[in-house]
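Fold and geometry: a report
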Amino acid sequence: CASRSRRLRGAVGPSPPSARWSPSARVPHLHKPLCGEMGKARKQKGREVYEWRPAAQAPSPAAAAALTSSTTAEDVAAGAEGGSSGRQRGGGAPAGSDGEAQRRSEHKGMTDTQDYYAHIGIHEEMLKDAVRTTTYREVFSLNEFLFKDKVVMDVGCGTGILSLFAAKQGARKVYAVECSDIADVAREIVEANGFGEVIRIIKGKLEEIEVEEKVDVIVSEWMGCCLYFESMLDTVLVARDRFLKPDGLVLPDKATLVMVGIEDKQYKAEKIDFWDQVYGFDFSSVKRMALAEPLVDVVDSEQCVTKNCLVRQLSIEKMSQSETTFTAPFKLEATRNDYVHAFVAYFDVAFTHCHKPMGFSTGPRFKPTHWKQTVFYLEDVITICAGEAITGTFSCCPNEKVPRDLDITISYSFDGARSKAHRTIHYRMH
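Residues numbered from 1 in each chain as written. Predicted model: local features only at pLDDT ≥ 70, side-chain atom pairs only at ≥ 80, totals over all residues. Heavy atoms only, no water.

Time to look at unusual backbone geometry. Note the cis peptide between L251 and P252, where omega equals -5°. Its place among the elements puts P252 in the loop between β9 (244-251) and β10 (254-262). Its identity as a non-glycine residue notwithstanding, L227 has a phi of 70°, on the positive side. In this structure, L227 sits in the loop between β8 (215-219) and α9 (233-243). Despite not being glycine, Y279 has its phi angle at roughly 50°, a positive value. Locating Y279 in the fold gives a position in the loop between α10 (265-271) and α11 (284-292). (Helix = DSSP H or I, 4+ residues; strand = E, 2+ residues; numbered from the N terminus.)

Dropping the structure here:
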């Protein structure tokens, strides 16, 4: 996927700190999360937080490889920044994660993909995603009762960081499943940190492996851009159905897909409308192709024109495989007079079995993650006034030929005082 640069509109200062779930006060226009509402910023130990404490930053690969059972949270924290400002077509690399290796390998046949994901770069990016990695670390470290003396399965373990977290909190056995060649590196990391008797690295496709017992907990970083793109959700559901005890837990257990409308005139003009005339020639056929490919990027929170709308809510412990295909309604209500050039999709996840529910958001109003946000440009420019609303449906299904790709259809309708728009646009994330 081609990398795209982006100019954020205006200087908006640093991103808010990453968040953990809390049932306290609200951020204006933020949809109500699964376990309550985002907390107001407050001071804790000299740091500004959103009720849940800011995430310490994730370790470098060297620091991660040196983790031992005696390492403290402060020892682990390193100074890496999560996310970047470059746009990418679709959702492809480098917006990777530890589970990304398994995602790619399973639908491309474990050939050259194995070699690609054996490279450390994609795992370095995952480990440096402070929001993601630190949230998972604190889910383990603050909730030992979920893991002590339990049997855990790590689905798409990558370099094995989640397995190490589980072992450190006293898990009796950890089955770490990974089908790419990075599994061999994970095995070395496990041995180097003294957890060889606890963590068993299983190299292979989860649908084909066998383990000798049912597990108490399944943990995975299965989410993809726009929640579903290249995600391992279907694999996690297979693991749940095959290996999880009847009273077992899946972490994270809740996820939501959220939409918001944005103003993005400058970028759309430079990268989309550019194709109307290229050196005096009509290149509008390329423009149609450009519009059909969503972009993955960090969106400036100042560009958000509407309230957020919760489109889809998932309960990973209860949902069926068929629920990965859906059509859901949305309503985007304007918070000010402005123009809407694109819809943006992002996701939130929650760990509701923790002593205090925890989670994080990948939305524009929070610290960027490697997932960034997914931008769907519109053919129309919608002139919208405060209080007016765009209504429509968001449809998502796996591509028939490449199931890890997504076919997305957005139908929208708007009858405002100063403009009208009614259209259906088909997108593909690949």
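Resuming the write-up.
The next subject is the packing of helix α6 (residues 130-141) against helix α7 (residues 161-168). Between α6 and α7, the least distance of the axes is 9 Å, while the angle of their chain directions is 20°. It follows from the interaxial angle that α6 and α7 lie roughly parallel. Our pair here, α6 against α7, has a crossing hand that is right-handed. Contacts between α6 and α7 pair T133, Y136, R137 and F140 from the former with L162, F165 and A166 from the latter. Grouping the constituent residues of the contact of α6 with α7 by class yields five nonpolar, one polar and one charged. (Axes fitted to C-alpha atoms, helices over the stretch in contact; angles between N-to-C directions. Parallel < 35°, antiparallel > 145°, perpendicular 65-115°, else oblique. Left-handed = near helix turned anticlockwise from the far one by under 90°. Contact = heavy atoms within 4.5 Å. Nonpolar A, V, L, I, M, F, W, Y, C, P; charged D, E, K, R; others polar.)

Counting 98 residues, the largest nonpolar core has M153, F330 and F394 as its most contacted members. Apart from the residues within four sequence positions on either side, F394 is in contact with C226, L257, M259, V311, F326, T327, A328, F330, F376, I408, T409 and I410. By size, the runner-up hydrophobic cluster in this structure holds 13 residues, among which are V260, I262, L295 and V344. (Core = buried A, V, L, I, M, F, W, Y, C linked by side-chain atoms within 4.5 Å. Buried < 20%, exposed > 50% of the residue type's maximum accessible area, 1.4 Å probe, protein only.)

Spatially, β13-β17-β18-β19 is the arrangement adopted by the four strands of the open sheet, whose pairing is antiparallel. Each edge of the open sheet is held by one strand with a lone partner, namely β13 (326-333) and β19 (420-429). In this sheet, neighbouring strand axes are inclined to one another by 15° on average, regardless of whether the strands run parallel or antiparallel. In this sheet, strand β18 (residues 406-415) lies alongside strand β17 (residues 389-398) in antiparallel orientation, the contact comprising eight bridges. Within β18, the residue paired with F394 across the bridge is I410. (Pairing = 2+ DSSP bridges.)

Attention now moves to a nonpolar patch on the surface. On the surface, a nonpolar cluster with roughly 410 Å² of combined accessible area is contributed by Y279, F281 and F283. Its location among the elements puts F281 in the loop between α10 and α11. According to the relative accessible area criterion, F281 is exposed, its value standing at 55%. (Patch = residues over 30% accessible without salt bridge, like charges linked within 9 Å, V, L, I, M, F, W, Y side chains within 5 Å. Areas by Shrake-Rupley, 256 points an atom, 1.4 Å probe, with all protein chains shown as cover. Salt bridge = Lys/Arg side-chain N within 4 Å of Asp/Glu carboxyl O.)

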